[in-house]
Amino acid sequence: MSEITETPPKDVDPKLLEVLVCPVTRGPLVYDRKKSELISKKARLAYPVREGVPIMLPDEARELSDAEAK
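So, here's what we can say about the structure. Remember, predicted model here, so these are calculated numbers, not experimental data.

Tallying each qualifying case throughout the model produces five salt bridges. Between Glu68 and Lys35 there is a salt bridge whose closest N-O contact spans 2.8 Å. With Glu68 in the segment after strand S5 (62-63) and Lys35 in the loop between strand S1 (30-32) and strand S2 (37-40), the pair connects residues that are 33 residues apart, well separated along the chain. Ionic pairing is found between Glu68 and Arg62, a salt bridge with its closest N-O pair at 2.8 Å. For Arg62, a relative accessible area of 29% translates into the label partly exposed. Bridged by salt links that share partners, the residues Lys35, Glu37, Arg62 and Glu68 form one connected network.

If you want it as structure tokens, here you go:
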């Protein structure tokens, strides 16, 4: 019987992070490695990163709480 091991989540390519902007505000994004999200403070949205691929669709983003948006 083979064992299934969980691989750690992939990080986003740093060069990609340099050119990505929020699709709503065209503003900068901050990468939250712990939550695997790209944060747009101006839009108050968090875009998920799945298997190292940023999902830059506003419909896929979650809204930030007041505390997270600071």
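A separate point is the pairing of strand S3 (residues 45-50). The buried count for S3 comes to five of six residues, which makes it a mostly enclosed element. Sheet analysis places S2 next to S3, joined by four bridges and oriented antiparallel. When the sheet's bridge partners are listed, Ile39 is paired in S3 with Ala46. The loop that links S2 with its antiparallel partner S3 comprises four residues; one of these, Arg44, has a positive phi angle of about 60°. The pairing of S3 with S5 spans two bridges and is classified as antiparallel. Each residue of the ladder has a partner; that of Ala46, found in S5, is Arg62.

How each quantity is defined
Residues numbered from 1 in each chain as written. Predicted model: local features only at pLDDT ≥ 70, side-chain atom pairs only at ≥ 80, totals over all residues. Heavy atoms only, no water. Salt bridge = Lys/Arg side-chain N within 4 Å of Asp/Glu carboxyl O. Helix = DSSP H or I, 4+ residues; strand = E, 2+ residues; numbered from the N terminus. Buried < 20%, exposed > 50% of the residue type's maximum accessible area, 1.4 Å probe, protein only. Pairing = 2+ DSSP bridges.

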